[in-house]
Amino acid sequence: MVFDGGRMEKIDIRSLYFSELEEIFREMGERTFRAGQVYGWLHEKMAEDFEQMSNLPAKLRKVLGERFELTMPEPVEERISRIDGTRKYLFRLADGNVIESVWMKYQHGNSVCISSQAGCRMGCCFCASTLDGLERNLTPSEMLGQVYKIQALTKERVSHIVMMGSGEPFDNYDGVIRFLRLISDERGLNISLRNITVSTCGIVPGIEKFAGEGLPVTLALSLHAPNDQVRQKLMPIAKAYPLSQVLKACRDYFDKTGRRLTFEYSLVKGINDNLKEAGELARLLKGVHGHVNLIPVNPVRERDFARSDQKAIREFKEFLEKAGIAVTIRREMGRDIEGACGQLRRGFLSGN
Ligand code: SAH
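Quick look at the structure, then. (Residues numbered from 1 in each chain as written. Predicted model: local features only at pLDDT ≥ 70, side-chain atom pairs only at ≥ 80, totals over all residues. Heavy atoms only, no water.)

1. With respect to the overall build of the protein chain
To keep it simple, the criterion reads: The way it works is that DSSP assigns letters per residue, a run of H or I at least four long becomes a helix, a run of E at least two long becomes a strand, and they are numbered from the N terminus. Per-residue accessibility, obtained with a 1.4 Å probe over protein chains only, is compared with the maximum for each type, and a residue is labelled buried under 20%, exposed over 50%, and partly exposed between these values. Residue contacts are counted whenever heavy atoms from the two residues lie within 4.5 Å of one another. In short, Shrake-Rupley with a 1.4 Å probe defines the accessible areas, and a residue's cover is counted only from the protein chains shown. Asp and Glu are treated as the negative residues and Lys and Arg as the positive ones, with His and the ends of the chain left uncounted. Every charge is mapped onto a representative atom, which is NZ of Lys, CZ of Arg, CG of Asp or CD of Glu.
For the protein chain, the count of helices and strands is 12 helices and 14 strands. Considering only C-alpha atoms, the protein chain reaches an extent of 70 × 45 × 35 Å along its principal axes. Residues classed as buried in the protein chain amount to 55% of the 352 residues present. Taking the contacts inside the protein chain whose residues are at least 6 apart along the sequence as the reference set, 67% of them involve residues at least 24 apart. Carbon and sulfur atoms provide 47% of the accessible area of the protein chain, an area that totals close to 15,600 Å². Computing the positive centroid from 51 side-chain charges and the negative centroid from 47, the protein chain places the two 3 Å apart.

The following block contains the structure:
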């Protein structure tokens, strides 16, 4: 099966597995070693058009341009943090959609936060990515393109990826799986799956299926509340999948993959940040293999909620620690270059 994203006439060549490319080359009557060369150009040298592929005959380059589509996200804005060097990119895709990606420098390497969809339809009340709804799924090629383009622009190797930009990865399940296999391919950028985190709002069938893919990635669950009542206030998806089911799927994920989970918990003042909730959270996660990542919520202009006070955040953390739960507070990167997730894109779309 050839992936064509369901909407393009030409085949989206960067979304193809190596074996698929070989097969098409065979059908075209081309020698298959050419498929290896082209795959190397696409995924190792990160070529942006066929004319760059200098060791191919000119005639083949022309044929490739006629049969296949090859596009790269085009940076329309780059913001560099003066505090920590974090870079935020706004990219324009071939069809005019814009998405955002973030590059972060850590001691353990360089990490890129990518989007899996243009917009999002999950409707979480604190998130800017969802305010205008879902435009469309990104193709594997467009997810790869964010990483490739950023590596080219920064001239530094990307070693880690987090799927925490716009979009719900399990709402674009097949595209995300293909992206993960391509980005970790030995013939390509070869990023270790262990260095990749997929973050989900908690689509239970997605988590269950993902556990069976044999991909040792870290799963992050956007928990944000210790019970269904509070969670439903923040996240519409909580009405479809109660926490009992979500946590069972997370336990099974650990059992199948051996990968410890990350539980993201954005602290919203007066909603989910008092010690009663910390107590409930500790009971909920007792014995689950994973750790809690507390995120001081980023206020979104369009929405009416506030970040917890420093004191409340500290006390919440200390409570969990005493209860034996592994917990960290997320370091805020690039605080000076944009606020909440999805706000850069949103500001661009509304002309602010
Ligand atoms: N759809 C995926 C990825 C979303 S973004 C998911 O739901 O997990 C990654 C994380 O940022 C999620 O935990 C999300 O809930 C959180 N997030 C979104 N907007 C935020 C904000 N304004 N402040 C703090 N965290 C936010």
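2. Some remarks on helix α6 (residues 204-211)
Our working rule: Here the arc refers to the directions that run from the helix axis out to each C-beta atom.
Residues of α6 that are buried include every one of Val204, Gly206, Ile207, Phe210 and Ala211, and no others. All buried residues of α6 project into a common sector of 160 degrees when viewed along the axis, lining one side.

3. Examining the nonpolar core
Basically, it comes down to this: Here, the term nonpolar core denotes a set of buried Ala, Val, Leu, Ile, Met, Phe, Trp, Tyr and Cys residues that are joined through side-chain atoms within 4.5 Å.
One finds Val147, Phe179, Leu180, Ile183, Phe210 and Phe263 to be the most contacted residues of the largest nonpolar core, which totals 102 residues. Excluding anything up to four places from it in sequence, Leu180 contacts Met163, Leu193, Ile196, Val198, Phe210, Leu215 and Val217. In this structure, Val102, Met104, Cys113 and Met333 belong to the second largest nonpolar core, which totals 5 residues.

4. Structural notes on the environment of His224
For His224, the position within the fold is in the loop between β11 (218-222) and α7 (228-234). By relative accessible area, which is 5% here, His224 ends up buried. When the C-alpha positions of His224 and Tyr265 are compared, they lie 4.1 Å apart, and in sequence the two are 41 residues distant. Sequence-distant contacts of His224, defined by excluding residues within four places in its chain, comprise Phe126, Leu234, Met235, Glu264, Tyr265, Ser266 and Asn272.

5. Observations regarding the site of the ligand
Counted only if it meets this: Proximity is defined per residue: any heavy atom of the residue falling within 4 Å of a molecule or strand makes that residue near it. Distance and chemistry together define a polar contact, namely a pair of N or O atoms within 3.5 Å, with one atom able to donate a hydrogen and the other to accept it when in protein, and with adjacent residues in sequence counting only for side-chain atoms on both sides. The residue classification treats Ala, Val, Leu, Ile, Met, Phe, Trp, Tyr, Cys and Pro as nonpolar and Asp, Glu, Lys and Arg as charged. All others, Gly included, are polar.
Around the ligand sit 20 residues, and of these Phe126, Ser199, Ser222, His224 and Asn298 come closest. Side-chain polar atom of Ser222 to an oxygen atom of the ligand: 2.5 Å apart, as the coordinates give it. Contact with the protein chains removes 96% of the 530 Å² of surface that the ligand exposes when unbound. Of the residues contributing to the shell around the ligand, the split by class is 10 nonpolar, 8 polar and 2 charged.

6. A look at the pattern of salt bridges
Think of it this way: side chains of opposite charge can pair up when their charged atoms draw near. To keep it simple, the criterion reads: Within this document, salt bridges are pairs made up of a side-chain nitrogen of Lys or Arg and a carboxyl oxygen of Asp or Glu, the two lying within 4 Å of each other.
Throughout the structure, instances matching the rule amount to 18 salt bridges. With a closest N to O distance of 3.9 Å, Glu74 and Arg92 form a salt bridge. Highlighted residues: Glu74 in strand β3 (residues 74-80) and Arg92 in strand β4 (residues 87-92), separated in sequence by 18 residues. Of the charged contacts, one joins Asp171 and Arg121 as a salt bridge, the two residues approaching to 2.7 Å between their closest N and O atoms. Of the two residues, Asp171 sits in the loop between β9 (160-163) and α5 (173-183) while Arg121 sits in the loop between β7 (117-119) and β8 (134-137), which places them 50 residues apart along the sequence. Since its relative accessible area comes to 56%, Arg121 is described here as exposed. Salt bridges here are not isolated pairs; linked through shared partners, they connect Asp95, Arg136 and Glu142.

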